[in-house]
Amino acid sequence: MNDMPPRDFIRQIIHDDLQSGKHATIVTRFPPEPNGYLHVGHVMSICLNFGVTEETSGKTFLRFDDTNPGKEREEFVRAIERDVHWLGFDWEDRLTHASDYFEQLYASAERLIELGVAYVDSLTADEIREHRGTLTEPGRNSPYRDRSVAENLDLFRRMRKGDFADGEHVLRAKIDMASPNMNLRDPALYRIRHINHQRTGSDWCIYPMYDFAHTMSDAFEGITHSLCTLEFEDHRPLYDWFLDQLEPAHRPRQIEFSRLNLAYTITSKRKLNALIEADVVTGWDDPRMPTIAGMRRRGYPAAAMRDFVKRCGVTKKDKLIEMGVLENSIREELGEQAQRRMAVLRPLKVVLTNYPENQVEMMSALNHPNRPELGTRELPFSRELWIEQDDFMEEAPRKFFRLKPGGEVRLRFGYIIRCDEVVKDGDGQIIELRCSYDPDTRSGSGTSDRKVKGTIHWVSAAQAVPAEVRLYDRLFTVPDPSAVEDFMTALNPDSLQVVEAKLEPALAEQPAGEAVQFERLGYFSVDSEDHSIEALVFNRIVTLRDSWAKIERQAMPAS
RNA sequence: UGGGGCGUAGCCAAGCGGUAAGGCAACGGGUUUUGAUCCCGUGAUGCGCAGGUUCGAAUCCUGCCGCCCCAGCCA
């Protein structure tokens, strides 16, 4: 199989179970409820469940936990399927729904009644809550707890037939109202809901609760290891109780791990939805959203997401991962894969006074500095160019080795130029730089070995292609927005900046879904929704590491 | 003040009685026509705290402290 030592405690358990012969093949499942979009936290679960079977030639089910009609929608199941596929995993023919098992689940429930360990309770929801007790006080038995098997069976069958209204009765497990574990104080198994289900229509008016449906679905599918997050840890005794009572052919084992929390983000579906409702973002796939759909639209590579969760590890400790880890995974992947192009985000006009008017030279530019096999492209060079406003400083510090009055800088893949004159408008704003170029310094010509400290990017003005470029930043200003009273107050007002950029011509044909590096700026990709040949729209995936920004920050500790 | 978990560097994380891996970040230095990439180097006499067992403890025992989860007919 594989000789690599297990990476985490779950793989350790699986390895041991394979070694001991307890299981010949591993079977896991990823069981989302289709009531929202998948987010970073789910990426961890998906990679774990599918990863573990990929490594051991096992099988993984994609099972929709659709036991609560009304909250679940078809839109979400399609989005979830797309997200799991995009991440690079395949469930083949193992796409299931908890609703596929409604009939078997019902039969199991009757069995529980026959065994005398389940009963129909006729208390109201409020009364049940009152009877449950508190964390420190035991609960009290329901007056309906000792109904006979026959009466329970009759009532339950009539519940199914639709003889009762919502909330009139509920099927409960008969365990222990005094258990210190609240989950064992006669948990509800079935509730009446006269509502159509997205898949079973009006076939049912009673629906199973999570604990029951999930445990038995695992058993029906022959799941060997049921991996879930920490908050279900004290549901495990209940999970095992169902298995003990019903003794299914397969006995799955539930193992819990801690969820992955990303700093400066929230993953609560309720809060994510609130952001959409408040128009803070444009939807579930807004590039600032921590949803898989949002990250995909932003341009994050699936390979980077997988690498990211791998670096985070699988443990039982609560974690809040720094953004830097995610960004590192993205940069590492894109640094290797993305071709390089030039684009100017905040243009400043440069006129080369000694360059012939109307002349256009084609400069050869490497598509990837470390991968010559990716070839070159031609860049038009002319008398009027755009450079980045940030690459010029009228009063520059010693360490600033870009363009300054009287200073020289290399234009990447072009010539070395010198700034001779700064042109300003009536308000003192710099509107143009008049420079001269050194004809002996053409890139690659070898006619000059002159060196200058700085190299900046540029785009020839006449051939420049205009584009809208969306610059994203973190959505929140605090590391753990979920800990803030009103998370809306922690929003970053500058999470999106839109600029009108000037691109080199080749960028007009940038294929969708393929990230590109704008040299010296970062990684970008075409927006899957708003981009068109007529109106180019790019999203910034992530900036490049910027040690100059760090130097500036240290120089002026304020702001 | 019931029950269940978790505490190793700023953030993650190995470690499974034999003397603290690795990654990210940070900080120094080198290469560089991207202040990118790449390459070198730097961090715990210390593993939540206090005792104990042992020749030897992050690993075993006891006690304490801190943080997270649980009182849906949600998942």
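Residues numbered from 1 in each chain as written. Chains lettered and ligands numbered in written order. Predicted model: local features only at pLDDT ≥ 70, side-chain atom pairs only at ≥ 80, totals over all residues. Heavy atoms only, no water.

A.B. asks: Tell me about the protein's contact with RNA strand B, and name the residues and values.
C.D. replies: Around RNA strand B there are 64 residues in total, and T315, K317, R340, R545 and S547 lie nearest to it. Within the side chain of R311, an N or O atom sits 2.7 Å from a sugar or linking oxygen of RNA strand B. Contact between RNA strand B and C312: a sugar or linking oxygen at 2.8 Å from a main-chain N or O atom of the residue. For the surface near RNA strand B, the secondary-structure elements that each account for two or more residues are α5 (125–131), β6 (188–192), α11 (302–312), β11 (319–321), α12 (323–337) and α13 (547–555). At four residues, the largest contribution of residues to the surface near RNA strand B is made by α13. Residue composition of the surface near RNA strand B, by class: 21 nonpolar, 18 polar and 25 charged. (Near = heavy atom within 4 Å. Polar contact = N/O pair within 3.5 Å; in protein donor to acceptor, adjacent residues only side chain to side chain. Helix = DSSP H or I, 4+ residues; strand = E, 2+ residues; numbered from the N terminus. Nonpolar A, V, L, I, M, F, W, Y, C, P; charged D, E, K, R; others polar.)

A.B. asks: Go over the sheet that holds strand β26 (residues 522–526) with me, naming the residues and quoting the values.
C.D. replies: Ordered by their spatial adjacency, seven strands build an open sheet running β12-β25-β26-β27-β23-β24-β13, and the pairing between neighbours is mixed. A single partner strand is all that each edge strand has here, and the edge strands are β12 (339–341) and β13 (343–344). For strand β23 (residues 465–472) and strand β27 (residues 537–543), the ladder comprises three bridges, and the chain directions are parallel. Opposite R470, over in β27, you have N539 as the bridge partner. Sitting on the sheet, α12 is in contact with β12, β26 and β27, with an inclination near 115 degrees to β27. (Pairing = 2+ DSSP bridges. Contact = heavy atoms within 4.5 Å. Axes fitted to C-alpha atoms, helices over the stretch in contact; angles between N-to-C directions.)

A.B. asks: Go over the packing of helix α2 (residues 40–55) against α11 with me, naming the residues and quoting the values.
C.D. replies: In contact at an axis separation of 10 Å, α2 and α11 are set at 80 degrees when each is read in the N-to-C sense. With respect to α11, the element α2 is oriented roughly perpendicular. Within the contact between the two elements, α2 uses V40, V43, M44 and C47 and α11 uses M305, R306, F308 and V309. Class assignment for the residues of the contact of α2 with α11 results in seven nonpolar, no polar and one charged. (Parallel < 35°, antiparallel > 145°, perpendicular 65-115°, else oblique.)

A.B. asks: Any chance you could break down the pattern of salt bridges for me, citing the residues and the numbers?
C.D. replies: If you walk through the whole model with that rule in mind, you get 50 salt bridges. Notably, a salt bridge pairs D93 with R94, separated by 3.5 Å at the nearest N-O pair. Residue classification places R94 among the buried positions, given a relative accessible area of 9%. Bridged by salt links that share partners, the residues D285, R297, E468, R470, D527 and D530 form one connected network. (Salt bridge = Lys/Arg side-chain N within 4 Å of Asp/Glu carboxyl O. Buried < 20%, exposed > 50% of the residue type's maximum accessible area, 1.4 Å probe, protein only.)

A.B. asks: Before we move on, can you summarise the packing of helix α1 (residues 9–19) against α2 with the specific residues and values?
C.D. replies: Relative to each other, α1 and α2 sit at 35 degrees, their axes nearing to 11 Å. For the crossing formed where α1 meets α2, the hand is right-handed. Between α1 and α2, the residues in contact are I10, R11 and I14 and L48, G51, V52 and E55, respectively. Residues belonging to the contact of α1 with α2 are distributed by class as follows: four nonpolar, one polar and two charged. (Left-handed = near helix turned anticlockwise from the far one by under 90°.)

A.B. asks: Can you tell me about the domain arrangement of chain A, naming the residues and giving the values?
C.D. replies: By a widely used convention, the size of an interface equals the accessible area lost when the partners come together. Its domain assignment divides chain A into domain 1 (9–257), domain 2 (269–299 + 308–323 + 467–555) and domain 3 (343–457). On a C-alpha basis, the centres of domain 1 and domain 3 stand 64 Å from each other. (Domains from an automatic or database assignment.)

A.B. asks: Explain the side chain of S122 to me, and be specific about the residues and the numbers.
C.D. replies: Mapped onto the elements of the fold, S122 is located in the loop between β4 (118–121) and α5. There is a polar contact of 2.8 Å between the side chain of S122 and the side chain of H169.

A.B. asks: Can you tell me about the packing of aromatic side chains, naming the residues and giving the values?
C.D. replies: This model, assessed by the stated rule, comprises 23 aromatic pairs. A ring pair is formed by F102 and Y207, whose centres lie 5.8 Å apart and whose planes are at 65 degrees; its orientation type is edge-to-face. Remark: Y207 occurs in strand β7 (residues 206–208) and F102 occurs in helix α4 (residues 102–114); sequence separation between them is 105 residues. The pair formed by F102 and Y207 is uniform in burial state, with each residue classed as buried. Among the aromatic side chains, those forming a connected cluster through ring pairs are F102, Y106, F156, Y190, W204, Y207, F212, W241 and F242. (Phe/Tyr/Trp six-rings, centres within 6.5 Å; stacked < 30°, edge-to-face > 60°.)

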